[in-house]
Every structure is written in structure tokens, then in C-alpha cells.
Amino acid sequence: MAKLLDIKNLRTQFRTSGGVVKAVDGISYDVEEGETVAIVGESGCGKSVSAMSVLRLIPDPPGRIVEGSIEFQGRDLLQLSAEEIRKIRGAQISMVFQEPMTSLNPVLSIGQQLTETICLHLGVSEQEANKRSRDLLGMVGISDAARRLKQYPHHLSGGMRQRVMIALALSCEPKLIIADEPTTALDVTIQAQILELMKDLSRRLGVALIIITHNLGVVARYADRVNVMYAGKIVEMGSAEQVYHNPQHPYTVGLLASVPRMDQHRGKRLVPIEGQPPDLTRLDAGCAYRARCRWAVDRCTAEIPPLEELADKQFAACWRSGEMQALRREAS
Amino acid sequence: MYKYVVKRLLMMIPTLIGAAVLVFLLLRAIPGDVCEVRLAGTGLYADPAEIELCQKSLGLDKPLILGLDTQFTDFVGGYFTFDLGESMWTGKPITYEIGLRFKLSLQMAIMATVVAVAIAIPLGIISAVKQDTWIDYAVRAFSIAGIAIPSFWLGIMIILGLLIFTQAWLGEPWMPPIDYVSPLEDPWRNLSQLIWPAVATGYRYSAVATRMTRSAMLEVLREDYVRTARAKGLMEKVIINHHALKNALLPVVTIIAIEFAFLIGGLVVTEQVFNLNGLGKLFVESVGNQDFALTQQLVMLVVLVFVFTNLVVDVFYAWLDPRIRYS
């Protein structure tokens with residue numbers, strides 16, 4: 001399959017009064033056509049910023065993409081003019097945000113918000129855009145679409161609004177949808193529905209998905225490939241299968257140990273990752289995870305481990321990833 | 001929507017009744033009355049019998065509230081017979097006294113509002129969009145100056161400026177006309193009289209509204225739905241004018257409306273500076289003369305203007321924000 005999105009050495013920083021925050025610090029990954037890639041990590045690790053950087057939605061000031069390239073279908077998005085990137089937003093690459101309650105404009109009707117995008121990017125008449133909006137709402141499982149189009153966001157529940165956001169993201173047949181924690185704000189019962197819907201639509205329409213999440217269950221079930229992020233860097237990368245069953249970075253190991261799993265017996269205690277993520281303004285020359293890492297050695301303080309390929313397309317950034325299997329066995 | 005407006009109209013009634021009672025009682029709580037001011041105001045001896053006679057002729061000897069023929073029934077009864085009575089000082093009909101000045105004050109208020117809105121909305125938006133650039137600093141300096149500079153001082157400067165510049169350019173000094181002409185009769189003359197006070201008051205008024213527009217805009221621009229609008233690939237001007245402004249306008253409309261209602265009766269000093277015969281001046285005179293009949297009708301007029309502007313604002317709110325429209 002062809003590469004749809006190819007991010008190389010992306011660095012996004014925020015200048016604040018407390019210093020420069022290195023939110024995304026040299027990450028590289030790619031997304032193939034029709035593929036679902038998950039980006040996993042805890043709050044503040046730079047996953048959302050890395051996603052927003054793709055569409056250049058980082059507010060400047062204070063944020064700025066200082067380095068790297070983001071090739072989308074062979075064009076570097078970072079080199080495009082403001083007008084060119086605007087034409088890609090919503091048309092070729094669209095986004096679904098975390099907060100369905102606030103992501104829709106409260107004073108515009110659902111119909112207005114859908115049709116304006118369709119008219120803009122597809123250049124069709126208002127009538128046609130209206131018809132397409134109705135079809136889209138049907139596609140995301142909203143019944144009585146004609147009535148819903150006339151309603152306003154406050155008439156809809158959170159789950160419904162997220163469906164509208166997905167309809168919006170799909171409205172102009174994009175090649176890639178970036179979903180930034182699409183289910184975090186929703187009830188558990190709705191979460192599965194929304195994810196199923198996204199996965200199903202992406203499969204049917206051949207749209208690639210980047211799902212940003214801190215929910216490993218989501219990863220296991222829906223992603224083809226996984227990028228694990230920590231303190232602005234990708235620390236592990238591989239297929240969902242590889243990362244879930246054979247994690248090679250201590251952070252991934254820790255994440256997996258901290259969530260309940262159906263395949264373990266119920267009496268087993270969950271093991272949290274101790275400590276806090278590091279201050280992103282004060283990163284030093286060593287591995288950012290070492291303070292929380294149970295297997296840290298002297299070398300971790302001196303040098304940042306590079307992201308290296310260990311097995312078939314599985315990468316990890318740890319000096320001890322070669323011993324990881326043995327270390328894990330020892331610990332459990 | 002229709003129901004909403006009718007409901008709001010009905011809610012005006014208790015407000016007006018409350019205001020009427022309050023105004024009536026508060027005025028009577030002031031010691032003295034118009035007869036004492038007229039006959040004994042100079043400090044010379046006045047015959048008590050004469051004062052009594054005067055009070056009798058104006059109905060000031062009647063009981064206040066209790067009874068069928070009281071000062072209060074005289075006041076309120078006027079609204080049912082469409083006769084607001086006469087000024088206790090000049091003896092002319094109150095409708096004549098107020099009508100003479102109301103046109104000028106209303107026109108002034110409207111013109112000042114137009115000036116203010118025309119300045120405030122665009123400047124507020126630019127200032128918010130270009131936050132922390134030199135444009136923003138310039139706009140903020142302009143609006144802070146507007147709040148700090150008293151309108152009457154600005155008015156005096158405008159008049160002085162006019163005199164000096166016309167003297168230099170035309171060879172003879174030019175002053176705005178003093179007497180009010182209807183804009184239908186002689187729009188040019190009307191405008192040349194009122195544009196200067198409208199600018200002087202409109203500037204201060206716009207300063208408040210600019211700051212409000214700026215801060216409301218800044219808040220809205222940080223909202224998630226503005227980010228969504230950007231992610232949809234909308235053009236920046238559509239995002240600002242359509243998505244953001246409609247949300248940011250609510251507090252601005254409130255400020256503008258309150259200021260507008262205030263301008264109807266509150267321009268006492270500016271009217272003095274520009275020598276305008278407006279409601280503000282009439283207000284001060286009627287209070288000074290203890291002309292109860294006129295003062296209470298003036299207050300009721302201002303109350304009516306406030307209540308009506310509030311109604312317009314509420315309807316506008318409902319139009320802007322569906323959450324109000326449907327609740």
C-alpha cells in the first residue's frame with residue numbers, strides 16, 4: 001500500500017513564560033491508505049499537538065512547528081501557503097475532536113454547519129449539499145435527518161453531536177480522518193458505538209484513520225498499527241498485535257499493566273506507573289522515562305535511546321529493549 | 001418567537017407600575033414644592049396664604065395616595081385620559097415640553113449609537129484577531145483614551161477646534177447652529193448641529209463597546225467550535241464574521257442598548273457644552289424647580305425607553321442565540 005501521510009522529525013514547541021515547551025520532539029511515523037493508526041500516551045505527552053500539527057492548527061503564538069516535514073500524498077504540508085493548507089483542511093484531511101459538547105457552534109444549525117463545508121469544498125449547490133447532509137446523517141446513524149438538520153447542537157446529546165462531528169469529517173470524502181480522543185467525553189456504552197461506526201465507515205469508504213487515545217482497549221480492537229508516545233517522543237511503534245502482546249519499551253509495559261484485561265484472572269492487582277511525566281520545558285540529555293522506569297540503568301541518564309527496529313517493523317526507544325522479554329518475565 | 005415577544009410585552013406592565021409608584025413617592029419625599037420655590041425661592045418674604053393658594057391651584061393640597069381624588073390618581077389617571085397634564089412651572093402641556101426636546105434627544109442618541117457601533121465592532125474585531133500586535137495596542141490606547149476623556153471636555157475641544165480651523169481656512173470662524181431643525185426640513189443644517197455632540201458622546205460610548213467586543217471576541221476565538229471551523233477549512237473571514245462574531249455579539253448588544261437608553265435622558269453636560277435644548281437639560285431644570293408633574297413624566301419616559309430597549313435586546317438575543325429562542 002502507498003504511503004498517505006509521512007511525518008519526518010516533527011518538532012512542535014510552545015513558547016511560554018516558563019520556557020520553551022517541547023510538546024512534540026522529533027517524531028516520525030507514517031500512515032498508509034485506508035489504515036488505522038493509533039497514537040497512545042498519557043495526558044500531556046504531545047499526542048494531540050502532533051495531530052493538530054498535521055493540519056497546522058496549532059495556535060501561533062505561542063505554538064510553532066520548528067522542524068520536520070509532513071508529506072501528504074507527496075506534498076509537504078508545512079511548505080504550503082495558508083490558502084493551500086486551508087483547501088486541504090476538511091476536504092482531504094478532516095478532524096474529529098475530543099469535546100463533542102463544545103466542538104459545534106451553538107448558534108448555527110446542524111444543517112448550516114454541514115452544508116457550508118460541503119458547498120465550500122465540493123462546490124455544489126445548496127440543494128445538493130442539503131441532500132448530501134441528510135445522507136451523511138443517515139450514514140452516521142442519525143434517524144429523522146431532515147428534522148435534525150434544522151436543529152441546533154443543544155438539542156442533541158453528546159453521542160449524537162459526536163456523530164454529527166463524524167458526519168462533518170466525512171462530508172467531503174477525505175483521505176484521512178484524525179480523531180483526537182473521539183470518545184473520551186462520552187458514556188462507555190456510546191464509546192463503543194462511535195468507534196465501531198468510525199471503523200466501519202473507514203473500512204467502507206477506504207479512509208485512513210489516526211485515532212489518538214489513552215485507552216489501550218481501543219488500540220487493541222481498532223488499530224492496525226500503534227505509536228506509543230511519551231514526553232513528546234515516540235517510544236514504541238509496531239502493529240497492534242506486537243505492541244499489545246510483546247511490548248518492548250518499559251513505558252508500554254507499564255501502560256499495559258495498569259489497565260484491567262479480560263484475559264487475566266480477576267484477583268490480579270493493577271500496577272500503576274509511579275510518578276509524574278517530566279516537565280517538558282526541562283528535558284535533559286537522558287531518557288525522559290528513566291525516573292519512572294524500574295529497569296533504568298546508568299546509560300539512561302547519559303544518552304537518549306534512539307528508536308530502533310527490533311523485530312519485523314517493531315520499533316522501540318530503550319537501551320534495554322533487547323532484554324525486555326526476560327525482564328518482564330522476571331517481574332511477573 | 002411571537003409568544004416570546006408577547007410574554008415580554010406583558011412583563012413590562014408590572015415594571016412600569018413599580019416605577020410609577022417609586023418615582024411618585026420619592027419626589028414627594030423631597031422637602032418643599034414648586035410653589036415654595038417660585039414664591040420664596042429668592043429668599044425674600046412670601047405670604048403663606050399666597051403659597052397655599054398656589055398649592056391649591058396645582059392640586060398639591062390633595063392627599064398623596066389614599067382616597068379617590070389624590071395626587072397619585074391625578075398622576076396615573078393622566079395615562080387613561082391621554083392627558084399628561086401641564087408643567088407646574090411653565091403651565092404649558094407636558095407633552096409639548098417633552099415633545100420639543102424628545103426629537104433632539106432621540107436623534108442624538110441614535111446618531112451617537114451609529115457612531116459608536118460603526119467604530120466599536122470593526123475595531124474590536126481587528127483588535128482581537130490581531131491580539132498583541134501594534135494594531136491591537138493602538139486600538140486599546142484609542143479606547144482607553146475614550147473612557148478616560150470626559151465627553152464635555154472633548155466637546156469643548158471640538159468646538160474650539162472648529163472655531164480655530166474654520167478661522168484659518170475660511171477666514172471667519174464657524175459655529176454649529178444652535179436651534180434644532182428637523183432632519184426632514186433641512187437635513188444639512190440638522191446634521192451640522194448634531195454631528196459634533198454625536199461624535200463627542202459616540203467616542204466614549206464606542207470605547208466601552210470596543211473593549212467589550214474585543215474581550216468577547218478573544219474569548220470566542222479560543223472556543224472549540226472556532227477550531228472546528230478552522231479544521232473544516234473555512235476561510236478566515238467566514239470564521240470571524242459568521243462563526244465567531246455571532247457568538248461574541250451578545251454582551252456587546254447589551255452594552256450598546258444600556259448606553260442608548262442612558263443617552264435619552266442622561267446627556268446633561270454635553271447638552272450644556274453644545275448648547276442643545278435636550279431632555280437632559282429639561283430634567284435638571286424640572287428637578288431644580290421641584291416641578292413634580294414634569295419630573296415624574298420625564299422619569300416615566302426614561303423608564304419606558306429602558307424597558308423598551310431591553311425588550312429589543314431580548315428579541316435580538318433570541319434571534320442570535322437558538323438556546324434562548326427554544327427555551
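Residues numbered from 1 in each chain as written. Chains lettered and ligands numbered in written order. Predicted model: local features only at pLDDT ≥ 70, side-chain atom pairs only at ≥ 80, totals over all residues.

### Some thoughts on the overall build of chain B
Next up, step 1: Helix and strand content of chain B: 14 helices and zero strands.
Next up, step 2: Reading the helices (α) and strands (β) of chain B from amino to carboxyl end gives α-α-α-α-α-α-α-α-α-α-α-α-α-α.
Next up, step 3: If one aligns the C-alpha atoms of chain B with their principal axes, the spans along those axes are about 85 × 65 × 35 Å.
Next up, step 4: When burial is assessed residue by residue, chain B has 34% of its 327 residues classed as buried.
Next up, step 5: Once local pairs closer than 6 in sequence are excluded, the contacts in chain B between residues at least 24 apart make up 69%. (Helix = DSSP H or I, 4+ residues; strand = E, 2+ residues; numbered from the N terminus. Buried ≥ 20, exposed ≤ 12 C-beta atoms within 10 Å, placed from the backbone. Contact = placed C-beta atoms within 7 Å.)

### Focus: the interface of chain A and chain B
How big an interface is tends to be reported as the loss of accessible area on association of its parts.
Next up, step 1: With 23 residues of chain A in contact, the opposing surface of chain B contributes 19 residues.
Next up, step 2: With three residues, the top contributor of residues to the side of chain A that touches chain B is helix α3 (residues 110-122) of chain A.
Next up, step 3: Of the residues in the side of chain A that touches chain B, the class split is eleven nonpolar, eight polar and four charged. (Nonpolar A, V, L, I, M, F, W, Y, C, P; charged D, E, K, R; others polar.)

### With respect to helix α6 (residues 158-170) of chain A
Because each turn of an α-helix spans 3.6 residues, side chains separated by three or four positions end up pointing in the same direction.
All names here are of chain A.
Next up, step 1: For α6, with 13 residues, the first-to-last C-alpha span of 18 Å sits near the 18 Å given by 1.5 Å per residue.
Next up, step 2: Listing the buried residues of α6 in full gives Met 160, Arg 161, Gln 162, Arg 163, Val 164, Met 165, Ile 166, Ala 167, Leu 168, Ala 169 and Leu 170.
Next up, step 3: Packing partners of the buried residues in α6 comprise β6 (93-96), α3, α4 (126-139), β7 (176-180) and α7 (188-205). (Expected span 1.5 Å × (residues − 1).)

### So, the sheet that holds strand β5 (residues 75-76) of chain A
Residue and element names in this part refer to chain A.
Next up, step 1: Taken together, four strands build an open sheet; the order of strands is β2-β1-β4-β5 and the sheet is antiparallel. A strand with exactly one partner marks an edge of an open sheet, and here the two such strands are β2 (19-32) and β5.
Next up, step 2: The pairing of strand β4 (residues 63-72) with β5 spans two bridges and is classified as antiparallel. Note on β5: the bridge partner recorded for Glu 71 is Asp 76.
Next up, step 3: Sitting on the sheet, helix α1 (residues 47-54) touches β1 (3-16), β2 and β4, and the angle it makes with β2 is about 65°. (Pairing = 2+ DSSP bridges. Axes fitted to C-alpha atoms, helices over the stretch in contact; angles between N-to-C directions.)

### A word on unusual backbone geometry
Next up, step 1: Phi at Asn 9 of chain A is positive, roughly 50°, even though this residue is not glycine.
Next up, step 2: Among the structural elements, Asn 9 of chain A can be located in strand β1.
Next up, step 3: The exposed category is assigned to Asn 9 of chain A, around which 11 C-beta atoms lie within 10 Å.
Next up, step 4: Positioned with a positive phi, Asp 132 of chain B is a non-glycine residue whose angle comes to about 65°.
Next up, step 5: When you line up the elements, Asp 132 of chain B lands in the loop between α5 (94-129) and α6 (134-148).
Next up, step 6: In this structure Asp 132 of chain B comes out as exposed when scored by C-beta crowding, with 9 C-beta atoms within 10 Å.

### Here's the deal with the environment of Ile 273 of chain A
Residue and element names in this part refer to chain A.
Next up, step 1: Following the sequence through the fold, Ile 273 ends up in the loop between α10 (250-257) and α11 (298-302).
Next up, step 2: We classify Ile 273 as partly exposed; it has 18 C-beta atoms within 10 Å.
Next up, step 3: Measuring from C-alpha to C-alpha, the distance between Ile 273 and Gly 254 comes to 5.9 Å, with 19 residues separating the pair along the chain.
Next up, step 4: Excluding residues within four positions of it along the chain, Ile 273 makes contact with Gly 254, Ser 258 and Arg 292.

### Comments concerning the environment of Cys 35 of chain B
Next up, step 1: Turning to its location among the elements, Cys 35 of chain B is positioned in helix α2 (residues 34-40).
Next up, step 2: Spatially, the C-alpha atoms of Cys 35 of chain B and Lys 56 of chain B are 9.9 Å apart, while their sequence positions differ by 21 residues.

### Quick look at the nonpolar core
Next up, step 1: Counting 159 residues, the largest nonpolar core has Leu 176 and Ile 210 of chain A as its most contacted members.
Next up, step 2: If you tally residues by element for this core, the top one is α5 of chain B, at 15 residues. (Core = buried A, V, L, I, M, F, W, Y, C linked by C-beta atoms within 7 Å.)

### Quick look at the packing of α6 of chain A against α7 of chain A
Residue and element names in this part refer to chain A.
Next up, step 1: Running from N to C, α6 and α7 point in directions that differ by 15°, and their axes come no closer than 10 Å. Our classification of the angle between α6 and α7 gives roughly parallel. For the pair α6 and α7, the crossing hand works out as right-handed. Only Ile 190, Gln 193, Ile 194, Leu 197, Met 198 and Leu 201 of α7 make contact with α6, whose side of the interface consists of Gly 159, Gln 162, Ile 166 and Leu 170. (Parallel < 35°, antiparallel > 145°, perpendicular 65-115°, else oblique. Left-handed = near helix turned anticlockwise from the far one by under 90°.)

### A closer look at the sheet that holds β7 of chain A
Each strand in a sheet pairs with another by means of backbone hydrogen bonds, the pair being arranged parallel or else antiparallel.
All names here are of chain A.
Next up, step 1: The sheet built from eight strands is open, its strands ordered β6-β7-β8-β3-β9-β10-β12-β11 with mixed pairing. Looking along the sheet, the strands with just one partner apiece sit at the ends: β6 and β11 (308-311). On average, each strand axis in the sheet is tilted by 25° relative to the strand beside it, whichever way the strands run.
Next up, step 2: Here strand β10 (residues 233-239) runs beside strand β12 (residues 314-316); their pairing, made up of two bridges, is antiparallel.

### Comments concerning the domain arrangement of chain A
Residues and elements named next belong to chain A.
Next up, step 1: Under the domain assignment, chain A is made up of domain 1 (3-92 + 176-186 + 204-331) and domain 2 (103-173).
Next up, step 2: A C-alpha centroid distance of 31 Å is found between domain 1 and domain 2.
Next up, step 3: Taken together, the contact pairs six residues of domain 1 with seven residues of domain 2.
Next up, step 4: Each residue belonging to the side of domain 1 that touches domain 2 can be placed in one class, and the counts come to five nonpolar, one polar and no charged. (Domains from an automatic or database assignment.)

### Notes on the pairing of β7 of chain A
Residues and elements named next belong to chain A.
Next up, step 1: With five of its five residues buried, β7 lies for the most part within the structure.
Next up, step 2: Burial along β7 is two-sided: Leu 176, Ile 178 and Asp 180 facing one way and Ile 177 and Ala 179 facing the other are all buried.
Next up, step 3: Sheet topology places β6 next to β7; four bridges connect them, and they run parallel. The residue bridging Met 95 from the neighbouring strand is Ile 178, located in β7.
Next up, step 4: Sheet topology note: the β7/strand β8 (residues 208-213) ladder contains five bridges and is parallel. In the sheet register, Leu 176 faces β8, and the bridge partner there is Ala 208.
Next up, step 5: Handedness of the crossover is the feature at issue here: the chain leaves β7, passes through α7, returns alongside β8, and the resulting connection is right-handed. (Right-handed = clockwise from strand over helix to strand, strands pointing away.)

### Re the domain arrangement of chain B
Next up, step 1: By domain assignment, chain B separates into domain 1 (2-81) and domain 2 (98-288).
Next up, step 2: One C-alpha centre belongs to domain 1 of chain B, the other to domain 2 of chain B; they are set 36 Å apart.

### A few points about the packing of helix α7 (residues 151-170) of chain B against helix α8 (residues 187-221) of chain B
Residue and element names in this part refer to chain B.
Next up, step 1: Close contact between α7 and α8 brings their axes to 9 Å; oriented N to C, the two are set at 140°. Helix-helix and strand crossings are classified by hand; for α7 and α8 the assignment is right-handed. Taking contact as the criterion, the partners of Ser 151, Leu 154, Gly 155 and Ile 158 in α7 are, on α8, Trp 196, Pro 197, Val 199, Ala 200, Thr 201, Tyr 203 and Arg 204.
Next up, step 2: Taken together, the residues that form the contact of α7 with α8 break down as seven nonpolar, three polar and one charged.

### Regarding the pairing of β1 of chain A
Residues and elements named next belong to chain A.
Next up, step 1: Summarising the sheet, β1 and β2 pair through eleven bridges and their orientation is antiparallel. Bridge assignment links Ile 7 to a residue of β2, and that residue is Tyr 29.
Next up, step 2: Connecting the antiparallel pair β1 and β2 is a turn made up of two residues.
Next up, step 3: Bridge count for β1 against β4 is eight bridges, and the pairing is antiparallel. Along β4, the bridge assignment pairs Leu 5 with Phe 72.

### Focus: the environment of Asp 321 of chain B
Next up, step 1: Mapping Asp 321 of chain B onto the fold places it in the loop between α13 (292-320) and α14 (322-325).
Next up, step 2: Taking the C-alpha atoms as reference points, Asp 321 of chain B and Leu 162 of chain B, 159 residues apart in sequence, are found 44 Å from one another.
Next up, step 3: Apart from residues no more than four positions distant in its own chain, Asp 321 of chain B is found in contact with Val 107 of chain A together with Leu 250 of chain B.

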